[in-house]
Amino acid sequence: MTQLALVIDLNVCVGCHACVTSCKQWNTSGAGGPLVDDNPYGADPTGTFFNRVQTFEVGEFPNTQTVHFPKSCLHCEDPPCVPVCPTGASYKRAEDGIVLVDMDKCIGCKYCSWACPYGVREFDEGSKVMTKCTLCVDRVTSTTLPQAERQPACVLACPAKARLFGDVHDPESVVSVAIREQGGYALMPEWSTRPSNHYLPRKRTEITIHAEDLVRVDNPLKIDGQLPELPQQGAGREDFAT
Amino acid sequence: MNPAFSVIFLTTLIGAAQGLFLALFSAQLAGLATPAFLATGGVVALALAVAGLVASFFHLGRPERAWRTATMWRTSWLSREVIALPLFMGPLFLWTLAHALGLGYTLVLGGFTALASVALFVCTAMIYACLKFLQEWASPYTLVNYTLLGLASGCTLATALAGLMAPELVGFFGAAALLFTALGLVSRWLSLLRNARLVPRSTLQSAIGIRHPKITQRAQGFMGGSFNTREFFHGKTPGALRSVKWAFLLGAFVLPLALVALGIVSASAGLLVLAFVVQYLGLLAERWFFFAQANHPQNLYYQTVS
């Protein structure tokens, strides 16, 4: 079984929104017709977006971390939005696990959006049907695009390479390795939706400096007497290093 | 959630229609009502159900595809409701017709309508109760309240109809109206108590997966509105919500109880009609509050515009 998914590295994301705009650009130009973009230059613009980048501040000044948090459909393995659909328009593809809406069957009752705890489905006011991230199904299953471009638009657009794409059921895929080795986690595990998309945690980059590392014991200038020689140090870390 | 008036009207109207039919059918079983009265009541119940059905179409973005909703009854309570509603309305129409024209078979038709009516109460309530992360809804109280409030408003309407057309039935229907309104008050009150004590299972910590007691949203990703901000926030103050709560407790339960009791004692059809009107308006407020009170976990992601 294949389960395509994104892995988003929160340690890398810089919050540039390139994934948001590339997602909108690709998906508003597709076979499904444009995604609504109402009043884009007015006072109260609104529109359909499958992907958003949010920003959170963790901690209290001065010990804060800014976390940029891209949010799109998580393509749950047990998607609560699918069984509630009265028409079968909302479905999970058996072959690759992508959760999709058949826009020709959707009646726009919005019930699936109520049934998604993550709020990643958007009702399109133009086409009057529910829309959502398709994981760029038209790109990733394309037979005409160059192999390197058969990835979601957001993944290709990310300048920091914070977004990985692959099969989370294949233990050797880039996404599975990232989840396994970098502590990838799922959102809202309390609802047993088993999201396929995972997030890699923020990591503080730290180096440990020992005081004796700042002093070079075998400084030739000291050996030559041109600099005052330091008092003899006891056995240091170097003496125990293998 | 942002209450949608189409759904508020749908659930209150068909609830009253089901309650009214069950009251009428009970009167038929007890041998109290004349066919003419039952036929008139059936027409009223049918009219309410049709009005509810019409209201439901306003909730759909693509109403012309509504026929597709009957396909996923294996998994979707909404689909089951869509099947149960015509299963209720069709036999109700035949039952009404049979009474009006004296065609017979009213017990069989009525029995089938009664079963469909009960099934419809279950389906309507389960649409909301099955969404486990909407913790205010995911409770047996939702099922009990939808049923009891439908029965209460239906019985009050039956009492009002009896007051207008068959005064000898006012006592029978009035007693049922008082009973179900009182039971509805108790169960709705209990559900309010339960919901007041709910602890949200999802937190900002679980929503973005970061373990820190202090997380503040700095940007939600856009400055204008979106479906996320329109569909899931009612935008009213907590004070307004409290006012609606007391308004519906008064309008759907306390006032109708008093008006029905007064109407029975003073044999005044006007008071009984007023009781139904007040109770229906109260139930509109109750249903609005039911939706507004539900706190969707997605709201955690939309706490700060920027």
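Just so you know, these numbers come straight off a predicted model, no measurement behind them.

Asks: I keep staring at the overall build of chain B and nothing clicks. Help me out?
Replies: The helix and strand inventory of chain B stands at ten helices and one strand. In chain B, the order of α-helices and β-strands from amino to carboxyl end is α-α-α-α-α-α-α-β-α-α-α. For 306 residues, the compact-globule estimate of 2.2 N^0.38 gives 19 Å, and the C-alpha radius of gyration of chain B, at 21 Å, lies within 12% of that figure. Along the first, second and third principal axes, the C-alpha set of chain B runs to 70 × 45 × 30 Å. When the 306 residues of chain B are sorted by exposure, 53% land in the buried category. Restricting to contacts in chain B with at least 6 residues of sequence separation, those with at least 24 account for 76%.

Asks: I would appreciate a short explanation of the environment of B:V44 in the present structure.
Replies: Relative to the helices and strands, B:V44 is located in helix α2 (residues 35-57). B:V44 has contacts with B:L20 and B:L161, leaving out every residue within four places of it along the chain.

Asks: Any chance you could explain the domain arrangement of chain A here in plain terms?
Replies: The figure often quoted for interface size is the accessible area lost as the parts come together. Domain annotation of chain A identifies domain 1 (4-200) and domain 2 (211-240). Each of domain 1 of chain A and domain 2 of chain A has a C-alpha centre, and the two are 56 Å apart.

Asks: What is the right way to look at the nonpolar core in this model?
Replies: Where a protein is soluble and globular, its nonpolar side chains tend to be buried together. Grouped together as the largest cluster of nonpolar side chains are 162 residues, with contacts concentrated most on B:L20 and B:F173. The contacts of B:F173, once residues within four sequence positions are left out, are B:A23, B:C155, B:A158, B:T159 and B:A162.

Asks: It is not clear to me how helix α5 (residues 174-181) of chain A should be interpreted in this structure. Could you clarify?
Replies: All names here are of chain A. Of all the residues in α5, the buried ones are V175, S176 and I179. The buried residues of α5 occupy an angular sector of 100° when projected down its axis, which confines them to one face. Looking at the buried residues of α5, the elements they touch are β1 (4-9), β10 (163-167) and β11 (198-200). Once α5 finishes, G183 follows within two positions and takes phi at roughly 70°, a positive value.

Asks: Hey, could you run me through the sheet that holds β10(A) in this one?
Replies: Neighbouring strands of a sheet are bound in pairs by backbone hydrogen bonds; such pairs are parallel or else antiparallel. Residue and element names in this part refer to chain A. Reading across the sheet, the three strands line up as β10-β1-β11 and stay open at both edges, with mixed pairing between neighbours. Looking at the sheet topology across the chains shown, the edges are occupied by β10 and β11. Direction aside, the axes of adjacent strands within the sheet are offset by 25° on average. Summarising the sheet, β1 and β10 pair through five bridges and their orientation is antiparallel. Residue pairing for β10: I8 is matched across the bridge by R163. Contacts from α5 reach β1, β10 and β11, with the element oriented near 115° to β10.

Asks: Just to check I follow, could you spell out the packing of helix α1 (residues 5-29) of chain B against helix α4 (residues 106-129) of chain B for this structure?
Replies: Helix packing geometry: the angle between the two helix axes and the distance between the axes. All names here are of chain B. It is at 10 Å that the axes of α1 and α4 come closest, and there the two elements cross at 145°. In this structure, α1 meets α4 at a crossing whose hand is left-handed. On α4, the residues touching T11, I14, Q18, F21, L22, F25 and Q28 of α1 are T106, G110, T113, A114, S117, L120, F121 and T124. Grouping the amino acids of the contact of α1 with α4 by side-chain chemistry returns seven nonpolar, eight polar and no charged.

Asks: Please explain the interface of chain B and chain A as it appears in this structure.
Replies: Listed by partner, the interface residues are 45 residues for chain B and 45 residues for chain A. Those elements giving two or more residues to the side of chain B that touches chain A turn out to be α3 (77-101), α7 (204-208), β1 (215-219) and α8 (227-231) of chain B. Looking at which element gives the most residues to the side of chain B that touches chain A, the answer is β1(B), with five residues. A breakdown of the residues in the side of chain B that touches chain A according to their chemical character gives 17 nonpolar, 20 polar and eight charged. In this sheet, β1(B) lies alongside strand β4 (residues 52-60) of chain A in antiparallel orientation, the contact comprising four bridges. From the neighbouring strand, A:T55 faces β1(B), where its bridge partner is B:A219.

Asks: How do you make sense of the packing of α2(B) against α3(B) when you look at a structure like this?
Replies: Residues and elements named next belong to chain B. Put simply, α2 and α3 touch, their axes get as near as 8 Å, and they point 155° apart. The angle between α2 and α3 falls in the class roughly antiparallel. Helix-helix and strand crossings are classified by hand; for α2 and α3 the assignment is left-handed. Together, P35, L38, A39, G42, V43, A45, L46, A49 and L53 of α2 and L85, F88, M89, L92, F93, W95, T96, H99 and A100 of α3 make up the contact between the two elements. Considered class by class, the residues forming the contact of α2 with α3 number 15 nonpolar, three polar and no charged.

Asks: Before we go on, may I ask you to explain the pairing of strand β5 (residues 63-71) of chain A in this structure?
Replies: In summary, the side chains of a regular strand alternate between the two faces of the sheet. Residue and element names in this part refer to chain A. Note: β4 against β5, nine bridges, orientation antiparallel. When the sheet's bridge partners are listed, F56 is paired in β5 with V67. Counting the residues between successive antiparallel strands, the hairpin from β4 to β5 contains two residues.

Rules and cut-offs
Residues numbered from 1 in each chain as written. Chains lettered and ligands numbered in written order. Predicted model: local features only at pLDDT ≥ 70, side-chain atom pairs only at ≥ 80, totals over all residues. Helix = DSSP H or I, 4+ residues; strand = E, 2+ residues; numbered from the N terminus. Rg over C-alpha atoms; globule rule 2.2 N^0.38 Å. Buried ≥ 20, exposed ≤ 12 C-beta atoms within 10 Å, placed from the backbone. Contact = placed C-beta atoms within 7 Å. Domains from an automatic or database assignment. Core = buried A, V, L, I, M, F, W, Y, C linked by C-beta atoms within 7 Å. Arc of directions from axis to C-beta. Pairing = 2+ DSSP bridges. Axes fitted to C-alpha atoms, helices over the stretch in contact; angles between N-to-C directions. Left-handed = near helix turned anticlockwise from the far one by under 90°. Nonpolar A, V, L, I, M, F, W, Y, C, P; charged D, E, K, R; others polar. Parallel < 35°, antiparallel > 145°, perpendicular 65-115°, else oblique.

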